[in-house]
Amino acid sequence: ASAVLAGGAMAHGGGGHGSTAGLEVEVRGVVTELTAATPTTAGTITVSPGLQTTISEVRINVTGAATATVEGHAVIANMREDWLLPRGVAFNQRTWNAAKDASVRAMAAHAYAAAQMTESEAKVDPEARSADLTVTIDSGPAFHFGRFDFNGLSRYTPEMVNNFSSIEPGSLYSEQVLDDFVRRL
């Protein structure tokens, strides 16, 4: 009997060792058949982490409208510059997830509010202890501000509220510009 353990290591029933990417896994006392007489704990698993995997290559691809404008190129350049897992740093799953989320949020905070991750891959080479990262983000279309309509106002007139806005209809959407307007109100 055998069992696949987290991290891709293979353990053999009855005890044994398996190793993947410097991860040493030892399994002892494996119960191969659970019955009413056997305990709920099927065995002991000891995991000893090996050497750290580092980032060897990062590819951040962008598709969509952002690739066709000067403003879009600036957003893409900033997003790439702020990438959380550059070459040479240690790879870990938590930061990998955070880097992907941050890159999509960076695009969406500007004119590309519909940005989404369309591909992500971390190729880990266990022998070289290296990881090649690839992400592809579809920026979606560029969003523009329209004309503001204010409803339900009781204390201020729509004209007064509109005077607080520096947003021109037709200008590119920006989360920061919208936040600034809300703060002025």
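Residues numbered from 1 in each chain as written. Predicted model: local features only at pLDDT ≥ 70, side-chain atom pairs only at ≥ 80, totals over all residues. Heavy atoms only, no water.

A. Spatial organisation of the pairing of strand β7 (residues 116–125). Sheet topology places β7 next to strand β8 (residues 130–138); 9 bridges connect them, and they run antiparallel. Paired with M117 across the strands is I137, a residue of β8. The loop that links β7 with its antiparallel partner β8 comprises 4 residues; one of these, R129, has a positive phi angle of about 55 degrees. (Pairing = 2+ DSSP bridges. Helix = DSSP H or I, 4+ residues; strand = E, 2+ residues; numbered from the N terminus.)

B. Layout of the confidence of the model for the protein chain. Overall, the predicted model of the protein chain reaches an average pLDDT of 82, with 76% of residues at or above 70. Considering only residues more than four positions removed or in separate chains, one finds that residues 1–21, a stretch of pLDDT under 50, has 38 contacts. (pLDDT = per-residue confidence, 0-100. Contact = heavy atoms within 4.5 Å.)

C. Inspection of the side chain of T134 at higher detail. Relative to the helices and strands, T134 resides in strand β8. We classify T134 as buried; its relative accessible area is 11%. A distance of 3.2 Å separates a polar atom in the side chain of T134 from a polar atom in the side chain of R59. Contacts of T134, omitting those with residues within four sequence positions, involve R59, N61, W96, E119, S120 and E121. (Buried < 20%, exposed > 50% of the residue type's maximum accessible area, 1.4 Å probe, protein only. Polar contact = N/O pair within 3.5 Å; in protein donor to acceptor, adjacent residues only side chain to side chain.)

D. Spotlight on the pattern of salt bridges. Scanning all chains against the criterion turns up 2 salt bridges. Across the salt bridge formed by R147 and D149, the nearest N and O atoms sit 2.8 Å from each other. The same class applies to R147 as to D149, namely exposed. We note a salt bridge from D180 to R183, for which the minimum N-O separation is 3.7 Å. Taken as a pair, D180 and R183 lie in helix α4 (residues 175–184) at a separation of 3 residues, close to a single helical turn. Exposure remark for D180: the relative accessible area of 28% places this residue in the partly exposed category. Judged by relative accessible area, which is 64%, R183 ranks as exposed. (Salt bridge = Lys/Arg side-chain N within 4 Å of Asp/Glu carboxyl O.)

E. View of the environment of V104. Tracing the sequence through the fold places V104 in helix α2 (residues 93–108). The exposure class of V104 is buried, given its relative accessible area of 17%. As for V104 and Q116, which are separated by 12 residues in sequence, their C-alpha atoms are 6.0 Å apart. In contact with V104, not counting residues within four places along its chain, are A115, Q116, M117 and I137.

F. Focus on the sheet that holds strand β6 (residues 54–63). The 3 strands lie next to each other as β6-β8-β7, forming an open sheet whose pairing is mixed. Of all the strands in the sheet, the pair left with one neighbour each is β6 and β7. In this sheet, neighbouring strand axes are inclined to one another by 10 degrees on average, regardless of whether the strands run parallel or antiparallel. One ladder, built from 9 bridges, connects β6 with β8; its direction is parallel. Bridging from a neighbouring strand, T63 pairs with D138 of β8. In this fold helix α1 (residues 70–81) packs onto β6 and β8, with an angle of close to 160 degrees to the strand it touches most, β6. (Axes fitted to C-alpha atoms, helices over the stretch in contact; angles between N-to-C directions.)

G. Region of the structure containing a nonpolar patch on the surface. Among the surface-exposed residues, Y156, M160, F164 and L185 lie close enough to one another that they form a single nonpolar patch of about 390 Å² accessible area. Here M160 is to be found in helix α3 (residues 158–163). Relative accessible area serves as the criterion here: at 40%, M160 is assigned to the partly exposed category. (Patch = residues over 30% accessible without salt bridge, like charges linked within 9 Å, V, L, I, M, F, W, Y side chains within 5 Å. Areas by Shrake-Rupley, 256 points an atom, 1.4 Å probe, with all protein chains shown as cover.)

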